[in-house]
Every structure is written in structure tokens, then in C-alpha cells.
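Here is what each chain is made of, one letter per residue.
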Amino acid sequence: MSLTEKINEFKEGFVENVPQNIQELMQQTTKSLADSGITLNAPKVNEAMPLFTLPNHKGETVSLASLLENGPVVVTFYRGGWCPYCNLELREYQNSLEEIKSLGATLVAITPELPDASLSTSEKNELAFDVLSDVNADYAKSLGLVFTLPEALKPIYLSFGIDVAAHNGEGQFDLPLAATFVIAKDGTVTSAFVDADYTARQEPSDVIATLKTL
């Protein structure tokens, strides 16, 4: 199954188990976010990708500049280990990791989760690539990728057992859009996937196809 097929399978179960009024509210907030034009602010193909220096889930410092010295870099953003769509994506990228590495590329994931939470996410999904902690979503904000979880959704998330602030830090409800970038060795963006729909993710096969052109 493709990543999209796995996501659609999960969504079918979600629809069956969540009240219609909650589904409609979640859909409306996603539509409002898309209508805001937020995706237009993100880095675009042929632009230079802003550099980052962030801690990974093991407490080590990782910089984009150092990663690019070894070849292309794939950067994917995810909301948190509490997000089922993010976990599906991370596991699918793990399944494609060896092929990504065989093409000379490095894969990293960036999340606003605190390091302890990102470590849990990495261990839960048995990830063999770096998960970087973007505290307060500062780097994602610099890319124009961040939105704040709407007040109307906070009690709904809590009812699902999701305490975003416990993952991100007290009072932190800023989250990144679903976004994946392939960055060439010279630091320019070769492909950019950005979507206001948090259930949308780029297929690893599309990333691999891009890497094969570099």
C-alpha cells in the first residue's frame, strides 16, 4: 500500500468513530487555513533553503550546512508523535530510507516537539534517521509554515487524549503545515510539497524520483 492508501484507510476508521459535528469543525478549520493562503509563504523550487541548526532526539546538534556537505537533503516537517498521520508518514519514510541513502541523500524530520517527546516518537516508530526538535517552531516560522491550533480544536484534541502543550512546551500550540522539501547539494530547493491539509503527505516515491534527477 502507498502512504496515501494507508492514510485513507485510517481516515475511514476516523470517520466511523468521530461524531459528525466534530468532523465538520475540523474540516472547516482546515479549509479556513487553506483559504488564508499560508502555503504561498513557504520556500519554493529554485530558492535557497534557509539554514538551520537544531538538536536531534539524542541531544546532538545538526545543521543543514553540514548535512549538505554530504549531498542532497530531504527535510520533512511533522506536527508531533500524537498525530496518527505523521506517524504513518514517518514509518513510510523509514521504509524508504535505504533507497534515499543509496541516492546519496540524508533524511531528517523536524518537529516542534520537545527533545524528550521527539525521542519517544523516534523510538516508537523505530526511526533510523534524525528527528530534530524545533522548539517553539522557530525555524518553521521562519519558513512561513506555522499556524496556531485554533481555540475551538483544543478541547477536541484533549478529548482525543492529545495534549499538544505537553509535547511542545507550556502554552505552545504552534504547529507546522504538512511539508517536505528536497534540497540539492548547493542548498537550493529542488522540490517542495506544502499542504494546509494535515492529512496530506508527500509519497516517499515522489521524493525518490526527485533525488534520481539530481
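Structural notes, computed from the coordinates. In this text the structure is predicted, and so the values were computed from the model without any measurement.

Calculation notes
- Residues numbered from 1 in each chain as written.
- Predicted model: local features only at pLDDT ≥ 70, side-chain atom pairs only at ≥ 80, totals over all residues.
- Heavy atoms only, no water.
- 1 Å grid on protein atoms, 1.4 Å probe; cavity = no way out; pocket = protein on both sides within 12 Å on 5 of 7 lines; lining within 4 Å.
- Points joined across faces, edges and corners; volume = space filled by probe spheres on them.
- Helix = DSSP H or I, 4+ residues; strand = E, 2+ residues; numbered from the N terminus.
- Nonpolar A, V, L, I, M, F, W, Y, C, P; charged D, E, K, R; others polar.
- Axes fitted to C-alpha atoms, helices over the stretch in contact; angles between N-to-C directions.
- Parallel < 35°, antiparallel > 145°, perpendicular 65-115°, else oblique.
- Left-handed = near helix turned anticlockwise from the far one by under 90°.
- Contact = heavy atoms within 4.5 Å.
- Buried < 20%, exposed > 50% of the residue type's maximum accessible area, 1.4 Å probe, protein only.
- Pairing = 2+ DSSP bridges.
- Polar contact = N/O pair within 3.5 Å; in protein donor to acceptor, adjacent residues only side chain to side chain.
- Phe/Tyr/Trp six-rings, centres within 6.5 Å; stacked < 30°, edge-to-face > 60°.

1. So, the layout of surface pockets
Size it by volume and the largest pocket reaches roughly 230 Å³. Considering the residues around the largest pocket, the lining is formed by K11, F14, V15, Q23, M26, Q27, T30, Y85, D197, Y198 and T199. Secondary structure elements with two or more residues in the lining of the largest pocket: α1 (3–17) and α2 (20–35). With 4 residues, α2 is the single largest residue contributor to the lining of the largest pocket. Partitioning the lining of the largest pocket into residue classes produces 5 nonpolar, 4 polar and 2 charged.

2. Topic: the packing of α1 against helix α4 (residues 84–95)
Contact geometry for α1 and α4: axes closest at 10 Å, N-to-C directions at 155°. Judged by the inter-axis angle, α1 sits roughly antiparallel to α4. With respect to the hand of their crossing, α1 and α4 are arranged in right-handed fashion. Contact residues: L3, K6, I7, F10, K11 and F14 in α1; P84, Y85, L88, E89, E92 and N95 in α4. Grouping the constituent residues of the contact of α1 with α4 by class yields 7 nonpolar, 1 polar and 4 charged.

3. Looking at the pairing of strand β3 (residues 73–77)
Counted residue by residue, β3 has 5 buried out of 5 residues, so it is predominantly covered. By the alternation rule, side chains of β3 split into V73, V75 and F77 and V74 and T76, which are all buried. Sheet analysis places β3 next to strand β4 (residues 106–111), joined by 5 bridges and oriented parallel. Within the sheet, the bridge partner assigned to V75 lies in β4 and is V108. In terms of strand pairing, β3 meets strand β8 (residues 178–183) through 5 bridges, oriented antiparallel. By the bridge assignment for β8, V73 is matched with I183.

4. Digging into the side chain of T121
With respect to the element layout, T121 can be found in helix α6 (residues 115–124). Among the polar contacts listed, one links the side chain of T121 to the side chain of E113, at a separation of 3.0 Å. In this view, T121 contacts Y78, G81, N87, L90, E113 and L127; residues no more than four positions away in its chain are not counted.

5. Here we look at the packing of aromatic side chains
In this structure the tally under the stated criterion is 7 aromatic pairs. Centroid distance F52 to Y139: 5.2 Å. Interplanar angle 70°. Geometry classified as edge-to-face. Taken together, the residues F52 in the loop between α2 and β1 (53–55) and Y139 in helix α7 (residues 138–142) connect sequence positions 87 residues apart. No difference in accessibility class separates F52 from Y139, as the two residues are buried. Through a chain of ring-to-ring contacts, three or more aromatic side chains come together here, namely F52, F77, Y139 and F181.

6. Examining the sheet that holds β3
With mixed pairing, 5 strands are arranged side by side in an open sheet as β5-β4-β3-β8-β9. Pairing within the sheet leaves two strands with one partner each, and these edge strands are β5 (130–133) and β9 (189–195). Neighbour-to-neighbour, the strand axes of the sheet open up by a mean angle of 15°, direction not taken into account. Of the strand pairs in this sheet, β4 and β5 are connected by 4 bridges, and their pairing is parallel. Within β5, the position partnered with T111 by the bridge is S133. Taken strand by strand, helix α10 (residues 204–211) contacts β3, β8 and β9, and its axis lies near 20° from that of β8.

7. Some words on the environment of V45
Positionally, V45 belongs in the loop between α2 and β1. Along the backbone, V45 and T190 are 145 residues apart, and their C-alpha atoms lie at a distance of 5.3 Å.

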